[in-house]
Amino acid sequence: MKVIEISTSKRIEMIDITSHIRRVVKESNVRDGIVVVYVPHTTAGITINENADPSVAKDIENTLSRLVPAGKGYLHMEGNADSHIKSTIVGSSINVIIENGELILGTWQGIFFCEFDGPRRRKVYVKIIEG
Amino acid sequence: MKVIEISTSKRIEMIDITSHIRRVVKESNVRDGIVVVYVPHTTAGITINENADPSVAKDIENTLSRLVPAGKGYLHMEGNADSHIKSTIVGSSINVIIENGELILGTWQGIFFCEFDGPRRRKVYVKIIEG
Amino acid sequence: MKVIEISTSKRIEMIDITSHIRRVVKESNVRDGIVVVYVPHTTAGITINENADPSVAKDIENTLSRLVPAGKGYLHMEGNADSHIKSTIVGSSINVIIENGELILGTWQGIFFCEFDGPRRRKVYVKIIEG
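Quick caveat, the model's predicted, so the values are computed rather than measured.

Student: Help me understand the pairing of strand β5 (residues 93-99) of chain B in this model?
Tutor: Remember that side chains alternate between the two faces of the sheet whenever the strand is regular. All names here are of chain B. For β5, a buried count of 5 out of 7 residues is recorded, marking the element as mostly surrounded by other parts of the structure. As paired elements, strand β3 (residues 33-38) and β5 share 6 bridges and run antiparallel to each other. Its bridge partner being in β5, V35 is matched across the sheet by V96. Of the strand pairs in this sheet, β5 and strand β6 (residues 102-103) are connected by 2 bridges, and their pairing is antiparallel. Paired with I98 across the bridge in β6 is L103. In sequence, β5 turns back onto β6 through a hairpin of 2 residues, with N100 there showing a positive phi of about 50°.

Following this line, the structure appears as structure tokens:
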């Protein structure tokens with residue numbers, strides 16, 4: 001398992017980590033299998049979406065905050081109940097297929113770390129399964 | 001990795017691809033492991049849900065469109081910001097367990113390709129990991 | 001594959017099953033790999049979130065029910081259309097990494113079975129892939 005460390009700079013922020021994951025796959029020398037990208041935090045998530053136009057990530061952030069606004073009305077008293085809920089909606093891990101040593105993403109796909117309660121220092125776990 | 005090709009006929013449409021996945025599992029002759037079903041598109045998703053009553057898929061489509069409507073109010077200018085957001089909510093891949101050469105779905109479960117910006121020709125990647 | 005059986009006592013209820021999953025991992029004697037935790041039901045889900053303050057799970061339940069209320073307005077006639085939709089939003093499976101024989105969860109993370117149409121007797125499938 002490899003650990004990637006990232007720093008986020010806003011409360012809500014999607015950060016493209018595709019190049020980090022690609023590097024871990026390259027350095028593993030694994031030809032075929034899957035890579036599991038996992039976030040060990042309960043107020044963050046991980047998703048795959050378009051990384052060509054940064055407006056897409058912004059629209060995702062804005063829509064999640066419209067559906068699950070920060071603020072009052074929650075039982076959890078730490079002021080980040082919305083962040084936990086966003087984490088469950090987006091999910092804590094993704095899988096991507098590895099073939100011929102390459103991460104097999106679609107043309108427009110990138111892998112995003114989703115910060116929902118930043119700014120913070122965060123970790124992402126990367127595990128490759130050969131097969 | 002196997003590639004399944006499908007054609008969608010509406011803007012938003014859930015298509016049952018269970019039989020395709022079952023066939024890939026059979027043809028692999030793998031007895032035990034997992035199958036990863038992955039969508040390489042940023043305006044589509046993949047989910048597991050009931051495939052007995054087609055109303056269930058319709059209710060999912062309608063509710064996602066109520067929560068994340070198509071149209072104005074997004075930054076992404078291609079008219080499909082809602083499709084990208086739906087993709088992140090639903091997710092880009094699923095795992096199903098394989099045991100004794102069979103896909104182990106629950107009684108009412110089917111695997112659905114979720115089109116959020118059709119009609120289009122689409123691909124689904126299927127990767128089996130033995131273990 | 002191991003099967004965990006649980007009983008739920010409310011219509012909507014998140015149940016912490018972390019200790020069950022930890023036990024399956026221990027008993028497998030697998031040192032490194034991933035564990036796939038899979039729900040074979042179409043009106044339930046599985047998620048990872050904070051298990052220290054029970055208010056977090058309550059906030060997730062309440063917010064999902066605000067976004068996707070039970071009741072009328074759905075095509076599926078069994079009175080649990082909302083449960084199916086919640087299942088697709090939350091997801092039917094999760095992956096967690098195993099290292100040195102331990103489940104590698106973040107400090108605040110627990111694994112929750114999400115009942116969306118209880119009370120019922122339910123199953124969770126647990127599959128370990130070495131690697």
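So, next bit.
Student: When you look at the interface of chain C and chain B in this model, what are you seeing that I'm missing?
Tutor: Interface size is commonly expressed as the accessible area that is lost once the parts come together. Contacts between the two partners involve 26 residues from chain C, matched on the other side by 32 residues from chain B. Of the roughly 2400 Å² buried between chain C and chain B on both sides combined, carbon and sulfur atoms contribute 60%. Applying the counting criterion to the chain C and chain B interface returns 0 salt bridges. Remark: the boundary between chain C and chain B carries 13 residue pairs in polar contact (both at pLDDT 80 or more). Within the residue set of the side of chain C that touches chain B, elements represented by two or more residues are β3 (33-38), α3 (81-90), β5 (93-99) and β8 (121-130) of chain C. Residue contributions to the side of chain C that touches chain B peak at 6 residues, all from α3 of chain C.

Student: What is the right way to look at the relation of the copies chain C and chain B in this model?
Tutor: Both copies of the chain are tied together by a single rotation about an axis and a shift running along it. Overlaying chain C with chain B gives an RMSD of 0.0 Å, the required rotation being 120° about an axis along which the chain moves by 0.0 Å. Here the copies are linked by what is in effect a three-fold axis. Nearest to the rotation axis, the C-alpha of I89 of chain C is located 3.5 Å from it, this being the minimum over chain C. Little of the interface of chain C is mirrored in chain B, where only 19% of its interface residues are also at the interface.

Student: Where do I start with the sheet that holds strand β2 (residues 13-16) of chain A in this structure?
Tutor: Paired through their backbone hydrogen bonds, the strands of a sheet run either parallel or antiparallel. Residue and element names in this part refer to chain A. Sheet architecture is open: 3 strands sit in the order β2-β7-β4, paired in antiparallel fashion. For this open sheet the edge positions go to β2 and β4 (44-50), each flanked by a neighbour on one side alone. Taking the axes of each pair of neighbouring strands and ignoring which way they run, one obtains an average angle of 35° across the sheet.

Student: How should the packing of aromatic side chains be read in this particular structure?
Tutor: Given two aromatic rings, one states the distance between the centres and the angle between the planes to describe the pair. Residues and elements named next belong to chain A. What the rule picks out here adds up to 3 aromatic pairs over all chains. Aromatic pair Y38 and Y125: ring centres 6.2 Å apart, planes at 15°, arrangement stacked. Taken together, the residues Y38 in strand β3 (residues 33-38) and Y125 in strand β8 (residues 121-130) connect sequence positions 87 residues apart. Residue Y38 is classed as buried on the basis of its relative accessible area, which comes to 0%. Residue classification places Y125 among the buried positions, given a relative accessible area of 13%.

Student: Is there a simple way to explain helix α2 (residues 54-67) of chain A in this structure?
Tutor: Because each turn of an α-helix spans 3.6 residues, side chains separated by three or four positions in sequence point in the same direction. All names here are of chain A. In this model, α2 (14 residues) spans 20 Å end to end at C-alpha, consistent with the 20 Å of a helix rising 1.5 Å per residue. Three or more residues of α2 are buried, namely S55, V56, A57, D59, I60, E61, T63, L64 and L67. N-capping of α2 is provided by D53, with a side-chain oxygen placed 2.8 Å from the backbone N of S55.

Student: So what exactly am I meant to see when it comes to the confidence of the model for chain A here?
Tutor: Reading predicted coordinates in detail is not appropriate for stretches of low pLDDT. Looking at chain A as a whole, its pLDDT mean stands at 97, while 100% of the residues score no less than 70. Here the predicted complex scores 0.98 on pTM and 0.98 on ipTM.

Student: What should I look at first to understand the interface of chain C and chain A in this one?
Tutor: Taken together, the contacts link 32 residues of chain C with 26 residues of chain A. Together, the buried faces of chain C and chain A total about 2400 Å²; carbon and sulfur atoms form 60% of this surface. When the area that chain C buries against chain A is broken down by residue, the three leading residues are D59, N95 and I97 of chain C, summing to 23%. Taken together, the connections running from chain C to chain A amount to 0 salt bridges. Remark: the boundary between chain C and chain A carries 13 residue pairs in polar contact (both at pLDDT 80 or more). Contributing elements (two or more residues each) for the side of chain C that touches chain A: β3, β4 (44-50), α2 (54-67), α3, β5 and β8 of chain C.

Student: Mind showing me how you'd approach the relation of the copies chain C and chain A here?
Tutor: Rotating chain C by 120° and moving it 0.0 Å along the rotation axis overlays it on chain A with an RMSD of 0.0 Å. The two copies present different faces, since only 16% of the interface residues in chain C are matched by interface residues at the equivalent positions in chain A.

Student: Help me understand the sheet that holds strand β1 (residues 2-7) of chain B in this model?
Tutor: Residue and element names in this part refer to chain B. If you walk across this open sheet you meet the 5 strands as β1-β8-β3-β5-β6, and the pairing is antiparallel. Edge positions in the sheet fall to β1 and β6, since each has one partner strand and no second. Where helix α1 (residues 18-28) meets the sheet, its contacts fall on β1, β3, β5, β6 and β8 (121-130), and the angle it forms with β8 comes to roughly 40°.

Student: How should I be thinking about the pattern of salt bridges in this particular structure?
Tutor: By the definition in use, this model includes 24 salt bridges over all chains. Between D82 of chain A and K86 of chain A there is a salt bridge, and its shortest N-O distance comes to 2.8 Å. Of this pair, D82 of chain A and K86 of chain A both sit in helix α3 (residues 81-90), 4 residues apart, which is roughly one turn of the helix. A salt bridge links R120 of chain C to D117 of chain C, with the shortest nitrogen-to-oxygen separation between them at 2.4 Å.

Scoring rules and cut-offs
Residues numbered from 1 in each chain as written. Chains lettered and ligands numbered in written order. Predicted model: local features only at pLDDT ≥ 70, side-chain atom pairs only at ≥ 80, totals over all residues. Heavy atoms only, no water. Buried < 20%, exposed > 50% of the residue type's maximum accessible area, 1.4 Å probe, protein only. Helix = DSSP H or I, 4+ residues; strand = E, 2+ residues; numbered from the N terminus. Pairing = 2+ DSSP bridges. Contact = heavy atoms within 4.5 Å. Buried area = accessible area lost by both parts, 1.4 Å probe. Salt bridge = Lys/Arg side-chain N within 4 Å of Asp/Glu carboxyl O. Polar contact = N/O pair within 3.5 Å; in protein donor to acceptor, adjacent residues only side chain to side chain. Least-squares fit on C-alpha atoms with pLDDT ≥ 70 in both. Axes fitted to C-alpha atoms, helices over the stretch in contact; angles between N-to-C directions. Phe/Tyr/Trp six-rings, centres within 6.5 Å; stacked < 30°, edge-to-face > 60°. Expected span 1.5 Å × (residues − 1). pLDDT = per-residue confidence, 0-100.

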